[in-house]
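Structure at a glance
Next come the chains, spelled out residue by residue.
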Amino acid sequence: MRSRTDYLFFETARRRELVNITARVAQTVAASGVQEGFCLVSAMHITSGVWVNDEEPGLKEDFMELLERLAPTADYRHHRTGEDNGDAHLKRTLTGHQAVLPVTKGRLDLGPWEQVFYAEFDGRRRKRVVVKVIGE
Amino acid sequence: MRSRTDYLFFETARRRELVNITARVAQTVAASGVQEGFCLVSAMHITSGVWVNDEEPGLKEDFMELLERLAPTADYRHHRTGEDNGDAHLKRTLTGHQAVLPVTKGRLDLGPWEQVFYAEFDGRRRKRVVVKVIGE
Amino acid sequence: MRSRTDYLFFETARRRELVNITARVAQTVAASGVQEGFCLVSAMHITSGVWVNDEEPGLKEDFMELLERLAPTADYRHHRTGEDNGDAHLKRTLTGHQAVLPVTKGRLDLGPWEQVFYAEFDGRRRKRVVVKVIGE
C-alpha cells in the first residue's frame, strides 16, 4: 500500500470564500504514485468545509446565500465564549466538511463538472486542509 | 490490495427520483473479492446525490419535501447561464453527494434499515455514479 | 494491509444527545496497528448521525436548535407506518451520518478543535456505530 499526506494552508482575504483546490488535490494524487485508491480532502478547522460542485460564479453566490438563509449570521449561544462565528460552525455542518475522491488509473476520477472547493466561513485566520491518498 | 471500479448509469423518467441502488452496490463488492475494506458510492454529476436511509415511501416523500422547502425551485443566479437547475445543485449539497460503506467479511456492513439511494434532482439526462471498492 | 472493525453501542437517556466518541475512536485506531490509513465512523441507524465539530456546550445547543428549525418535530408521512420519528431521519440527513478520519503516524489526524460526536435524534433505543480502520 502507498500513502501520501499533504496539508494545504489558507488565510483568505474575506470572511467567506470558495477556493477551488482541484489542481492542488490532483498534485497530491500525482505525487503519491497511487494508481487505484481514495483521496480524502478534509477541512481541519471547524468553521470551514469542503464543497464538490460547479465552478460557476452565479451558483457560488446562490450557495452562499442558501447557507446564510438556513444558518444566518446571528447571536448564538456559542458567542458567550467570546467567539462571534456560531454561524460558520453551522454552515460547515450543512455544507459537509470533507469529500472522498476516487483515484483511478493514477488520476482523480471526477465527473465532468465536479470541482473541489475549500469553503471558508470564518476567514482571515490561518487554516488547514488535509489531503490524504491511500491505495496501491 | 484489491480494488474494483464500476459506473452505474441513470436516466430517470422524472426530474426528481430516489433510486435504491443497494443491490447494485453489493454486486460490485462481491465482484471485487474484497473481504475487508471500504466502498465509495459517489454521484459524479453535480445535481444529484447519495442518500443512506430507509426504503419507506412516506419518508421518501418527506425527504423530497424537506429539500424543496430548504432549497426551493426558484430563480437563481445560476440561471443566467441558461440552466434552470439551481435548486438541484443546492439539494445535492444538503443531501450529500457520496457515502463510504464499510465492507466486512466480504459484504456491505450496513445497519438493519440502511439502504443506499441515488438521489436525482435534475433527471431525464444521462448520469453516472462511481462505485469503487478498495481493501484486501 | 491491516484493518480493524469495532462497533460502539449506545442507548441514550434522552431522545436527542451529542455523545463525544473521539477517545473511543482513537482506541480502535491504536488497536488496529495502522500507521497510515483511514478510519470510517458511521452511524448504522437511520435516525442518528456523526458530527465533527467543537466540544462547546453553547454550540451544541445551537446545533440542535438549527436542526429543529430546519427539520422540526412534526407530523410526517412516515408516521403512517406507526413511527413518530420522521424528524430524526431528516435531521440525520442534514447532519451527515458518517465521517472519514485520516490516520497519520498511527494517530487520528484531526484539527486542533475537531471532536467526533455520535448525534442521536431518536434515542432510548439500542443503536450502533461502526468504526473501521484500513491502512498499513
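Here, the structure is the one placed above.
All of these numbers come straight from a predicted model, not from anything done at the bench. (Residues numbered from 1 in each chain as written. Chains lettered and ligands numbered in written order. Predicted model: local features only at pLDDT ≥ 70, side-chain atom pairs only at ≥ 80, totals over all residues. Heavy atoms only, no water.)

1. Considering the packing of helix α2 (residues 57-70) of chain A against helix α3 (residues 86-95) of chain B
Relative orientation of the contacting elements α2 of chain A and α3 of chain B amounts to 50°, with a least axis distance of 10 Å. Between α2 of chain A and α3 of chain B, the angle falls in the class oblique. Of the two possible hands of crossing, α2 of chain A and α3 of chain B adopt the one that is right-handed. Contacts from L59, D62, F63, L66 and L70 of chain A in α2 of chain A reach H89, L90, T93 and L94 of chain B in α3 of chain B. (Axes fitted to C-alpha atoms, helices over the stretch in contact; angles between N-to-C directions. Helix = DSSP H or I, 4+ residues; strand = E, 2+ residues; numbered from the N terminus. Parallel < 35°, antiparallel > 145°, perpendicular 65-115°, else oblique. Left-handed = near helix turned anticlockwise from the far one by under 90°. Contact = heavy atoms within 4.5 Å.)

2. Section: the interface of chain B and chain A
The partner chain A presents 35 residues to the 28 residues of chain B that form the contact. Inspection of the region where chain B meets chain A yields five salt bridges. Between E61 of chain A and R77 of chain B there is a salt bridge whose closest N-O contact spans 3.2 Å. For the side of chain B that touches chain A, the secondary-structure elements that each account for two or more residues are β1 (2-10), β3 (37-43), α3, β5 (98-104) and β8 (127-135) of chain B. Across the side of chain B that touches chain A, the residue classes tally to 16 nonpolar, nine polar and three charged. (Salt bridge = Lys/Arg side-chain N within 4 Å of Asp/Glu carboxyl O. Nonpolar A, V, L, I, M, F, W, Y, C, P; charged D, E, K, R; others polar.)

3. As for the interface of chain C and chain B
Counting residues at the interface gives 28 residues for chain C, matched by 35 residues for chain B. Across the chain C/chain B interface, buried area totals approximately 2,700 Å², and carbon plus sulfur atoms make up 60% of it. For the pair chain C and chain B, the interface holds five salt bridges. Viewed at the interface, chain B and chain C are joined by 15 residue pairs in polar contact (both at pLDDT 80 or more). The set of elements that each furnish at least two residues to the side of chain C that touches chain B consists of β1 (2-10), β3 (37-43), α3 (86-95), β5 (98-104) and β8 (127-135) of chain C. No other element matches the five residues that α3 of chain C contributes to the side of chain C that touches chain B. For the side of chain C that touches chain B, a count of residues per class yields 16 nonpolar, nine polar and three charged. (Buried area = accessible area lost by both parts, 1.4 Å probe. Polar contact = N/O pair within 3.5 Å; in protein donor to acceptor, adjacent residues only side chain to side chain.)

Coordinates in, geometry out; function isn't part of it.
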